[in-house]
Amino acid sequence: PAAVAATPALEFSTSSNGLQWADAKVGSGTAPQAPCRVVIDYVMSTTGARYGAKIDSTAERQQPYAWALGDGSTIPGLEQAVAGGGGVPPMLPGGVRRAIIPSSLAYEGLARPLPGLQYQECGGGFGP
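Residues numbered from 1 in each chain as written. Predicted model: local features only at pLDDT ≥ 70, side-chain atom pairs only at ≥ 80, totals over all residues. Heavy atoms only, no water.

Enquirer: Please explain the pairing of strand β3 (residues 37–40) as it appears in this structure.
Expert: Note on strand geometry: in a regular strand, side chains alternate between the two faces of the sheet. Of the two faces of β3, only one is covered, namely that formed by V38 and I40; the face formed by R37 and V39 stays uncovered. Where β3 and strand β6 (residues 65–68) come together, four bridges link them in antiparallel fashion. Bridging across to β6, R37 finds its partner in A68. (Buried < 20%, exposed > 50% of the residue type's maximum accessible area, 1.4 Å probe, protein only. Helix = DSSP H or I, 4+ residues; strand = E, 2+ residues; numbered from the N terminus. Pairing = 2+ DSSP bridges.)

Enquirer: What is the right way to read unusual backbone geometry from this model?
Expert: Across residues other than glycine, the phi torsion is negative in most instances, and most of the peptide bonds are trans. With an omega of 5 degrees, the peptide bond running from A34 to P35 counts as cis. Relative to the elements of secondary structure, P35 occurs in the loop between β2 (20–25) and β3. Notably, Q62 is not glycine yet its phi reads approximately 55 degrees, a positive angle. Among the secondary structure elements, Q62 is positioned in the loop between α1 (58–61) and β6. By relative accessible area, Q62 is classed as exposed at 69%.

Enquirer: What's the story with the sheet that holds strand β1 (residues 13–14) in this structure? I'm lost.
Expert: Two pairing modes exist for strands in a sheet, parallel and antiparallel, and in both the strands are linked by backbone hydrogen bonds. Within the open sheet, the three strands sit side by side as β1-β2-β7. Their pairing is antiparallel. Edge positions in the open sheet fall to β1 and β7 (96–100), since each of these has one partner strand only. Pairing geometry for β2 and β7, over five bridges, is antiparallel. Opposite A22, over in β7, you have R98 as the bridge partner.

Following this line, the structure appears as structure tokens:
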């Protein structure tokens, strides 16, 4: 069998608002600033019970994701992961960054309760 090269573990840092990031490859050059248009490839995966299940990949679709920094068209967590802020350094051109974006910086506001499901607040961190 062919030997598989070991991938070094990334050490993630956490911003004050919960965004976690680690640079797999630091780019070079000047960091983009609003209203600069940026183009990225991303792989969106799950966390939690199905950790690592791929949801989407722009590279596989051959459609990079593009937007103008600061225009409000993308989720705040992705904007922060690319542009920096809140203790997160900006990405540099050619860099590769892994980011774990909390729901508060993503699509949490779009979540809707499912009909027929009931939720119960649990006091003290114990079950119902």
